[in-house]
Amino acid sequence: MTSTATKLLDRFLDRTPTSARLAQRARQCLPAGIAHDSRFQGPYPIYIEHAAGSRKWDVDGHEYVDYSGGHGALLLGHNHPAVVRAVSEQLARGTHFGSCHELEVRWAEQIVELVPSAHRVRFTSSGTEATLLALRLARAFTGRSKIVRFAGHFHGWHDHMAFGVTSHFDGTPTPGVLPGVAEEVRLVPAGDPAAVAEALSPGDVAAVIIEPTGGSWGQIPFRSGFLADLRELTAAAGVVLIFDEVISGFRCSPGGAQAHYGITPDLTTLAKIVAGGLPGGAIAGRSEILDQLDAAACQRTGREKVPHQGTFNANPLSAAAGVATLEIVAAGHACRQANDYAARLRSGLSEVLQRNRSSWVVYGTFSGFHIFTNPQRLPLAAEAIESGAVDYRTLKDVRRELVGNLKLAMLVHGVDLFSWPGGPTSAAHTDDDLARTVAAFESSLACLGEQGLL
Ligand code: PLP
């Protein structure tokens, strides 16, 4: 580390002695001291004591504008009163009945009302479980084995999804993933219907899965019209089209990206907002596909039932939080507020970059913003990226040290960015948050520039 780099580091260390102590303890028992790869932060992460609305406070008493947003689960912000009330009331009634309960029925009804593709719903405990089940159902339904995925698209951490997201774009497996599993996946670039047609042509593909607002939470947009192409190509080939709306569901619009774009997939995977900030996920879609989980329906159709269990599926606390959240989402204003805030934030941050003649680019759609640190200093505009004209390899070219220093500088200036770097915005973000974030970005750039870290 250079002596200039240590100035930023010293400021961080001075502010966060309690986090430092916790991190030291954490490293004795948690690999890398963390519970999720994206929470890694050098020299150590901040530890949060409490949160409210758009803000959170660390164990050393510092306040942050929060853009981790519960990894995108908190469209309504932290501790929304309606969600807190619903969960508290449910807590007193019981956390797990090991039985069916009314809230799970209401929860599923809301999903069916809001999400165009949802005729049936099966709850899971996470988005990873939802995409895992989606692949199983698609394979059982079609009797085929191959899966088409798009380079740079994230669908959770199970074996079929654990490569081609931030590395291994050649489709080779990451450590611990069986080569045989990776061989069942065809990775193609998003936005290219000819590549999809070629991947489907052998007739052995069960499903195509996509993040419908672009790979990795919209970090890699694709050209408009591609979802319609996909719908057409998969329908013609009898392939199950899966929209992974774990992040975009109930965020882009109350009915997710599919309602916004007017394109209906066969299956939709959901998590995050669907469970109102508690653990939970769901798979929704066509009855014939979901009814493979129904023994009686399988008897009628002569299919073998697809097994699926899960101790915490439709957990009453998650159901309570989900129902309370979706009631608010259904009204529409929460999505609009978060989208509007993100648009204003993107333009505020872009103005900072222009003033500083920086080659970085701030871009995004709906309620997301991305800061591309543009290591090759390419002449790129936000519009070009958003239109899908920029290759995923370029946008995934993230220099970890620079991003780590940016995140550190923003923390020192009172803003917690998500690891992209960037973040999801929420309906709880205010004009004051916006002003603070833009000012923090300006100061952080100056700090990084002065210390020779850009
Ligand atoms: N799919 C997408 C698009 C996601 O963004 C995520 C999580 O960020 C997942 C799947 C995995 O969800 P979970 O973290 O709940 O397993």
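Everything below is about the structure shown above.
On a predicted model such as this, the values are computed, not experimentally measured, just so you know. (Residues numbered from 1 in each chain as written. Predicted model: local features only at pLDDT ≥ 70, side-chain atom pairs only at ≥ 80, totals over all residues. Heavy atoms only, no water.)

### Comments concerning helix H4 (residues 102-114)
Its 13 residues give H4 an end-to-end C-alpha distance of 19 Å, which sits within 8% of 18 Å, the value for a rise of 1.5 Å per residue. All of the buried residues in H4 are Glu104, Trp107, Ala108, Gln110, Ile111 and Leu114. The arc that holds every buried residue of H4, seen down its axis, measures 155 degrees, which confines them to one face. Across from the buried face of H4, at angles greater than 90 degrees, the exposed residues are Glu102 and Glu113. (Helix = DSSP H or I, 4+ residues; strand = E, 2+ residues; numbered from the N terminus. Expected span 1.5 Å × (residues − 1). Buried < 20%, exposed > 50% of the residue type's maximum accessible area, 1.4 Å probe, protein only. Arc of directions from axis to C-beta.)

### Considering the pairing of strand E10 (residues 281-285)
For E10, the tally of buried residues reaches 5 of 5 residues, placing the bulk of the element in the interior. Across the two faces of E10 the burial is the same, with Gly281, Ile283 and Gly285 and Ala282 and Ala284 all buried. Across 5 bridges, strand E4 (residues 120-124) lies against E10 in antiparallel orientation. Residue Arg122 lies in a different strand from E10, and its bridge partner there is Ile283. Sheet topology places strand E9 (residues 267-271) next to E10; 5 bridges connect them, and they run antiparallel. Among the inter-strand pairings, Thr268 is bridged to a residue of E10, identified as Ala284. (Pairing = 2+ DSSP bridges.)

### Points about helix H9 (residues 226-237)
Helix length check: H9 (12 residues) gives 16 Å between terminal C-alpha atoms against 16 Å at 1.5 Å per residue, within 8%. If you check which residues of H9 are buried, you get Phe226, Leu227, Leu230, Arg231 and Thr234. Taken around the axis of H9, the buried residues stretch over an arc of 140 degrees, which confines them to a single face. Across from the buried face of H9, at angles greater than 90 degrees, the exposed residues are Glu232, Ala235 and Ala236. Where H9 is buried, its residues meet strand E5 (146-150), helix H7 (193-200), strand E7 (205-210), strand E8 (240-244) and helix H10 (256-261). A positive backbone phi angle near 65 degrees is found at Gly238, which sits one or two residues after H9. (Contact = heavy atoms within 4.5 Å.)

### Description of the pattern of salt bridges
Throughout the structure, instances matching the rule amount to 20 salt bridges. Measuring nitrogen to oxygen at the nearest pair gives 2.5 Å for the salt bridge that ties Asp229 to Arg223. For Asp229, a relative accessible area of 23% translates into the label partly exposed. The partner of Asp340 in a salt bridge is Arg344, with the nearest N and O atoms 3.4 Å apart. Taken together, the residues Asp340 and Arg344, both in helix H14 (residues 333-355) and 4 residues apart, mark about one turn of the helix. Exposure remark for Arg344: the relative accessible area of 35% places this residue in the partly exposed category. (Salt bridge = Lys/Arg side-chain N within 4 Å of Asp/Glu carboxyl O.)

### So, the site of the ligand
Neighbouring the ligand are Ser126, Gly127, Thr128, Phe154, His155, Gly156, Glu211, Trp217, Asp244, Val246, Ile247 and Lys272. The contact in question runs from an oxygen atom of the ligand to an N or O atom on the backbone of Gly127, over 2.8 Å. With respect to the ligand, the side chain of Trp217 contributes an N or O atom lying 2.8 Å from an oxygen atom. Coverage of the ligand by the protein chains reaches 86% of its 390 Å² of free accessible surface. Classifying every residue of the shell around the ligand by side-chain character gives 4 nonpolar, 5 polar and 3 charged. (Near = heavy atom within 4 Å. Polar contact = N/O pair within 3.5 Å; in protein donor to acceptor, adjacent residues only side chain to side chain. Areas by Shrake-Rupley, 256 points an atom, 1.4 Å probe, with all protein chains shown as cover. Nonpolar A, V, L, I, M, F, W, Y, C, P; charged D, E, K, R; others polar.)

### Let's talk about unusual backbone geometry
When glycine is set aside, most residues are seen to have a negative phi, and most peptide bonds are trans. Cis geometry marks the peptide bond from Gly42 to Pro43, where omega comes out at -5 degrees. That bond from Trp420 to Pro421 is cis: its omega, 10 degrees, falls within 30 degrees of zero. On the secondary structure map, Pro421 appears in the loop between strand E13 (415-416) and strand E14 (422-424). The residue Ala32 is not glycine, and still its phi comes out positive at about 60 degrees. With respect to the helices and strands, the residue Ala32 is situated in the loop between helix H2 (17-29) and strand E1 (48-52). Phi at Trp217 takes a positive value of approximately 60 degrees, unusual for a residue other than glycine. Tracing the sequence through the fold places Trp217 in helix H8 (residues 215-218). Note on Trp217: relative accessible area 13%, which makes it buried.

### With respect to the sheet that holds E4
Read from one edge of the open sheet, 7 strands run E4-E10-E9-E8-E7-E5-E6, paired in mixed fashion. A single partner strand is all that each edge strand has here, and the edge strands are E4 and strand E6 (185-188). The mean angle between the axes of side-by-side strands here comes to 20 degrees, regardless of whether they run parallel or antiparallel. Against the sheet, helix H5 (residues 127-142) makes contact with E4, E5, E7, E8, E9 and E10, and its axis sits at roughly 165 degrees relative to E9, the strand it touches most. The sheet strands contacting H7 are E5, E6 and E7, and the helix crosses E6 at an angle near 165 degrees. (Axes fitted to C-alpha atoms, helices over the stretch in contact; angles between N-to-C directions.)

### Quick word on the packing of aromatic side chains
Describing an aromatic ring pair means giving the distance of the ring centres and the angle of the ring planes. Taken as a whole, this structure holds 11 aromatic pairs when the rule is applied. Between Tyr261 and Phe366, the ring centres sit 6.2 Å apart and the planes meet at 85 degrees, which makes this aromatic pair edge-to-face. In this pair, Tyr261 is assigned in helix H10 and Phe366 in the loop between strand E11 (361-363) and strand E12 (368-372), connecting sequence segments 105 residues apart. Following the ring pairs from residue to residue traces out a cluster consisting of Phe150, Phe222 and Phe226. (Phe/Tyr/Trp six-rings, centres within 6.5 Å; stacked < 30°, edge-to-face > 60°.)

### Examining the side chain of Thr425
Along the polypeptide, Thr425 turns up in the loop between E14 and helix H18 (431-450). Under the relative-accessibility criterion, Thr425 is labelled buried at 1%. A distance of 2.8 Å separates a polar side-chain atom of Thr425 from the backbone oxygen of Ala338. In contact with Thr425, other than residues within four places in its own chain, are Tyr67, Arg251, Ala338, Tyr341, Ala342, Leu345, Ser367 and Phe369.

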